[in-house]
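Single-letter residue listing:
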Amino acid sequence: MLMAELYGVASGEAKERSESLLRALGLLERRESPVKTYSKGMKQRLILGMALISDPQILFLDEPTSGLDVQSARLIKDMLRSLNAGGKTIFLTTHDMDEANQLCDRVAIINKGKMVAIDAPERLRMATCGRHSVEISFSDSVNPETLARLPSVNEVQKVGDKYRLYTESPGELVVGLVNHTCTVGLKIVSLNILAPSLEDAFVALTEKEVKHA
Amino acid sequence: MPETALVWQQMRRSVAIARKDIRIYYSKGPVIIFGVLFPVFLFLSFTIGRHMSVDFMIPGLLGMILFFTATSISPIVVPWEAQARTLERLMSCPVRLETIIAGGVLASFAFGTAISLVPIVIGLVLGVSVSGPVIFALAVILAALCFASLGNVFSIPPTNLPATVNMIASVVKFPVVFISGIFIPLDELPAWGQAISYISPLTYFTDIARSCIQNRGHLPLALDFGVLIAFTALFLLVAMKLHQRTMPRRI
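Residues numbered from 1 in each chain as written. Chains lettered and ligands numbered in written order. Predicted model: local features only at pLDDT ≥ 70, side-chain atom pairs only at ≥ 80, totals over all residues. Heavy atoms only, no water.

Caption draft 1: The arrangement of the overall build of chain B in detail. For chain B, the count of helices and strands is 11 helices and zero strands. Counting from the amino terminus, chain B carries its helices and strands in the arrangement α-α-α-α-α-α-α-α-α-α-α. Its C-alpha radius of gyration of 18 Å places chain B within 12% of the 18 Å reference for a compact globule of 251 residues. The C-alpha extent of chain B, read off along each of the three principal axes, is 55 × 40 × 35 Å. Put simply, chain B has 251 residues, and 51% of those count as buried. Of the contacts formed within chain B by residues at least 6 apart in sequence, a portion of 80% connects residues at least 24 apart. Entry remark: accessible area of chain B is about 11400 Å², with carbon and sulfur atoms responsible for 72%. For chain B, the distance from the average position of its 17 positive side-chain charges to the average position of its 10 negative side-chain charges is 12 Å. (Helix = DSSP H or I, 4+ residues; strand = E, 2+ residues; numbered from the N terminus. Rg over C-alpha atoms; globule rule 2.2 N^0.38 Å. Buried < 20%, exposed > 50% of the residue type's maximum accessible area, 1.4 Å probe, protein only. Contact = heavy atoms within 4.5 Å. Areas by Shrake-Rupley, 256 points an atom, 1.4 Å probe, with all protein chains shown as cover. Lys, Arg positive; Asp, Glu negative; His and termini not counted. Charge placed at Lys NZ, Arg CZ, Asp CG, Glu CD.)

Structural data, given as structure tokens:
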């Protein structure tokens, strides 16, 4: 209600709006509890509610889901999607590439205070087409250097119990991998061809900036 | 929006900020008890055994309680809020900095005025009579506003540590109590003592209170009121101008 007063929202309207916002944010039952007893996720949801009490057309949100539990993060993301669908413009700053990919129509990548790219997430991903990769796991341990020597492999990364092999021609690499496993007597447990992620695009674009500098 | 409507809008918002401050910082049992007990015990420690009349004690006690309560919490609200990062949220709202400061002053003023009723009621119960109750009430209100404004001056240094601000406030508050005619009436002070006492706003309130309760004012009432108004205006102006400079360095 304080925020409503500070934004000049009429008290009747503020009461109505705060109740519907608290309900939408899953906080209505705890409305009488002191905020210091709230979890981090609840506090973050409350802050979003405070920002929405004046029904702004443009929202600036700084890492709205950072460090939150899965449920709170999902609730906030769903709310942001519905606000955006309702016509509100949302500026979101985040380090979470997955979140940016899920929520944003346009993504600007800022490196050292300078905007290095701005486009739709899909177009940014496609702009770094050399970053296709094949994610593979084997039945036994494998020397990554052996994998790096396979034809058309640009880079090898160990990701948990899997290996991610970056390439420009994933089809050729899959054939090479199958032949290699047959030769050395290994079994493939799983194999996925991955398109470049927004994170890959971010890394590629920011690395390019560093090289130019 | 026309200028008068804008002023009215900002005034309403400063009242909202004052209500928030009272709810969060002032209406706590320990704050209220400390607000009353600390000046009472400080006063008693200087008066017990000196065979003073109730008529003499009540104006001094009232002056001390009003001064200490109206300047107790206001200096630390801004650093507290800056530390809790709620100040930046407040500053991002459509409120002017003057509105935030006015809200702080209003909360402190309400707290000081409410707590000052304690020594007034004690005095009335003990048989103290007040001549000119309207003048007396006006003096309490004006002094509360003056001290509340001074409280906001203490929080100007751009530190977010409440302990530092408290230390700065204490360095000013304690000497002020000793030079303001609370323990020794103005007319009993030597000339140099009187000269020093005139730099304290508390002197003028104590003088009005003594005039109303003891019929023993040292200065003309119009002068007391005039100087209190001038101090209030000065403290408000200084608080608003200098917070303007230091506030951005807090966030």
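Next comes the rest of the write-up.
Caption draft 2: Spotlight on the overall build of chain A. Each helix and strand counted, chain A has nine helices and eight strands in total. Rg of the C-alpha trace for chain A: 23 Å, well past the compact-globule value of 17 Å for 213 residues, more than 25% over. Structurally, chain A occupies a C-alpha span of about 75 × 40 × 25 Å along its principal axes. Within chain A, the proportion of its 213 residues that are buried is 37%. About 12600 Å² of surface is accessible on chain A, with carbon and sulfur atoms providing 52% of the total. For chain A, the centre of its 26 positive side-chain charges and the centre of its 28 negative side-chain charges are spaced 2 Å apart.

Caption draft 3: Representation of the pattern of salt bridges. Applying the stated rule across the entire model yields 15 salt bridges over all chains. Among the salt bridges present, the one from A:Asp55 reaches A:Lys88, with a minimum N-O distance of 2.7 Å. Taken together, the residues span a long stretch of sequence, with A:Asp55 in the loop between helix H3 (40-52) and strand S1 (58-62) and A:Lys88 in the loop between helix H4 (70-85) and strand S2 (89-93) at a distance of 33 residues. On the basis of relative accessibility, which here comes to 39%, the residue A:Asp55 falls in the partly exposed class. A:Lys88 sits in the buried class, given a relative accessible area of 10%. Here B:Asp187 and B:Arg216 are joined by a salt bridge, their closest N and O atoms 3.2 Å apart. One end of the pair, B:Asp187, is in the loop between helix H8 (162-178) and helix H9 (191-197); the other, B:Arg216, is in the loop between helix H10 (201-214) and helix H11 (221-246), with 29 residues separating them in the sequence. Since its relative accessible area comes to 38%, B:Asp187 is described here as partly exposed. Classification of B:Arg216 by relative accessible area gives partly exposed; the value is 27%. Here the salt bridges share partners, and the residues they tie into one network are A:Glu19, A:Arg23 and A:Arg31. (Salt bridge = Lys/Arg side-chain N within 4 Å of Asp/Glu carboxyl O.)

Caption draft 4: Fine view of helix H3 (residues 54-70) of chain B. With 17 residues, H3(B) should reach 24 Å at 1.5 Å per residue; the first-to-last C-alpha distance of 23 Å fits that figure. Within H3(B), 14 of the 17 residues are buried, which leaves the element mostly enclosed by the surrounding structure. (Expected span 1.5 Å × (residues − 1).)

Caption draft 5: Structural view of the sheet that holds strand S8 (residues 188-194) of chain A. All names here are of chain A. The four strands lie next to each other as S6-S7-S5-S8, forming an open sheet whose pairing is antiparallel. Edge strands, defined here as strands with exactly one partner in the open sheet, are strand S6 (153-159) and S8. Looking at each pair of strands side by side, their axes are set apart by 20 degrees on average, direction ignored. For S6 and strand S7 (residues 162-167), the ladder comprises six bridges, and the chain directions are antiparallel. Across the sheet, Lys 158 pairs through a bridge with Tyr 163, a residue of S7. Helix H8 (residues 170-184) contacts strand S5 (132-138), S6, S7 and S8 of the sheet and is inclined by roughly 20 degrees relative to S5. (Pairing = 2+ DSSP bridges. Axes fitted to C-alpha atoms, helices over the stretch in contact; angles between N-to-C directions.)

Caption draft 6: Looking closely at the confidence of the model for chain A. Per-residue confidence for chain A gives a mean pLDDT of 86, with 95% of residues at or over 70. Taken element by element, chain A is modelled with least confidence in helix H9 (residues 198-212) of chain A, mean pLDDT 73, and with most confidence in S2(A), mean pLDDT 93. (pLDDT = per-residue confidence, 0-100.)

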